[in-house]
Amino acid sequence: MRVANRLLLGLVAALLFALVVVVWASRTAVRKQLTAELEAALAEEARLIQAALPEDPDAWPRMVGRWAALRAHRVTLINSQGLALADNQAPPGVLAREARMSDLPEVRAALAGQVGTTVRAEPGRSPRLWVAIPGSPVVRVASDLTALEEAAGRSQRGIFLGALLALGAGTLLALLAGRSIAVPLRQIADAARQIPAGVAPRFPRFDITEIEQLSRALREMHHQLVDRVEAVQQGRAESSALVDAMVEGVLSSDSRGRIVTANPAARRLLGFPGSQRLPHLRELFRAPAAREMVDASLRGEPVEDYELEIEGRRVLVTGRPLPAGGAVLVLHDVTELRRLEIVRRDFVANVSHELKTPLTSIAGYAETLLTEDPDRATRQQFLKTILTNSQRMQRLVDDQLDLSRIESGRWQPSPTLLDLASVIRDAWQPRAAQAGTDKLGFVVDVGEGAEQLRADPDGFRQILGNLIDNAIRFTPEGGTIRCETIAEDNGVTVAVSDTGIGIPAEHLPRIFERFYRVDPGRSRDEGGTGLGLAIVKHLVEAHGGWVSAESQVGRGTTIRCWFPQRKD
């Protein structure tokens, strides 16, 4: 119910109550006043009758009759024993029966020397007011109260009409007062309803002090609420930005396991695009152990570094319960870390293995030279073997240092314009004796538009040297090594081909890994370190290019290195 209606109903109810009270009180007061006036009049009339009585008692009835005829009042004369001597309205026979009146209240009071008054109704008649005054004889006068009641009724009706007019006027004033209060309150309510709708509210000013205080309090509350909402929104935006920017995946769920937050990293790890709805938290993971981990998190138990596999990737999961129920999971992709751990173990194992053979040879021959005194030819052979294995170890260390320097970014190419035909021949020249010109053929084919290349001279020579060394190592006598340059894709491709033993297809994807050998025994016997192609790949990529391999078993191998054509 509206405030105006409540005020109106309350005021009308109060006015009605006041009207009833006023009418009742006014009727009671009027009756009491009229009764008191009538008592005084009847007492005065009784005194006049008492003073006018003749000395002869026998004349009293006639006088009482004449007096009563003039005033229409009942008059009774009573002696000191309470016996009626005369009564203008009682026949002689009735008077004789009712002669004893000392038991009547008004008579008893008069006989006691006081003015007696009572209201009493006789059988078959309306109530009367009886007044008796002391004296000799006692004079009792009675008057009918009908006129008094009529006068009281007329007075009551007049008061009632006046009260109705007052009620109408009061109701109108209450309505106006209610509206004067309700309209400002309604305006305040309308303004307050605009706050949750995001509309800037307008709180007007009012003349009523209390309502103005309420309006001012709401204005201050709105300003504080806006400031706090902005602070919360800013905090949520910052938190959301931080979570979205995290490399780790973050998932949060409610107490029933429904996912409410998932940052891009989590969606990427789980394989869900940004627009796709995520399933229940328990349905994200297939492994039973992973589901037990999720159940533990939802039960409020922390989960520490639980590792599982998702879509072929290794993921480390940490879970924490939320205070309001539910859980938050942090997914850390450790695939690369695990791969690096494997690479590190393989590297240590490979380096140890690569160093073991030459070290064993060096130690064995050196020990022989120390403990024995072989002839000069044998000693020379032993020393040559020690030198060869030392050089092999030196190459291994140098290649590993070069590869580490390139991978770490400490080596950056310093490009200059190279004449490819000249550089290729210079790279072949020191290796021609090793290859044997009568055993292997070497062909240089410089394509049109591919005569020159802007690249780092030392790096490019190292690339060519490693590719030519591999070709020489795996090409039998009578074979041919071909080096050609091709202008393509806004760059230059340098391809080194041989007619050697070739590489099986299943090994091609891994030949650019460090220490990877298709035929470990043979390549190690040939003196290779297993790092040549890995160095080639990283040097080419440092120039912004790429490297690829093609091979057929028994027909040879081609390594292609593409370099972007740099312009002056």
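Scoring rules and cut-offs
Residues numbered from 1 in each chain as written. Predicted model: local features only at pLDDT ≥ 70, side-chain atom pairs only at ≥ 80, totals over all residues. Heavy atoms only, no water. Buried < 20%, exposed > 50% of the residue type's maximum accessible area, 1.4 Å probe, protein only. Helix = DSSP H or I, 4+ residues; strand = E, 2+ residues; numbered from the N terminus. Expected span 1.5 Å × (residues − 1). Polar contact = N/O pair within 3.5 Å; in protein donor to acceptor, adjacent residues only side chain to side chain. Pairing = 2+ DSSP bridges. Axes fitted to C-alpha atoms, helices over the stretch in contact; angles between N-to-C directions.

1. A few points about helix α14 (residues 532-542)
Given 3.6 residues per helical turn, the α-helix brings residues three or four places apart onto the same face.
Next, step 1: For α14, the full list of buried residues reads G532, L533, A534, I535, V536, L539 and V540.
Next, step 2: Looking at the residues trailing α14, positive phi occurs at G544, about 90°.

2. Re helix α12 (residues 457-473)
Next, step 1: Over its 17 residues, α12 runs 24 Å from end to end, which matches the ideal 24 Å to within 8%, given 1.5 Å per residue.
Next, step 2: The backbone nitrogen of D458 has a side-chain oxygen 3.2 Å away, supplied by the residue at the start of α12, namely D456.

3. With respect to the sheet that holds strand β5 (residues 138-144)
Next, step 1: Here we have five strands laid out as an open sheet, ordered β2-β1-β5-β4-β3, and antiparallel in their pairing. Each edge of the sheet is formed by a strand with only one pairing partner; in this case those strands are β2 (84-87) and β3 (116-121). Mean inter-strand twist for the sheet, computed between neighbouring axes without regard to direction, equals 20°.

4. Comments concerning the sheet that holds strand β9 (residues 313-321)
Next, step 1: Pairing within the open sheet is antiparallel, and its five strands lie in the order β7-β6-β10-β9-β8. The strands lining the two open edges of the sheet, one partner per strand, are β7 (259-262) and β8 (303-310). Sheet twist, expressed as the average angle between the axes of neighbouring strands with direction ignored, equals 25°.
Next, step 2: Across five bridges, the pairing between strand β6 (residues 249-253) and strand β10 (residues 327-333) is antiparallel. Across the sheet, residue G249 finds its bridge partner in β10, namely L331.

Limitation: the analysis is restricted to geometry and does not speak to function.
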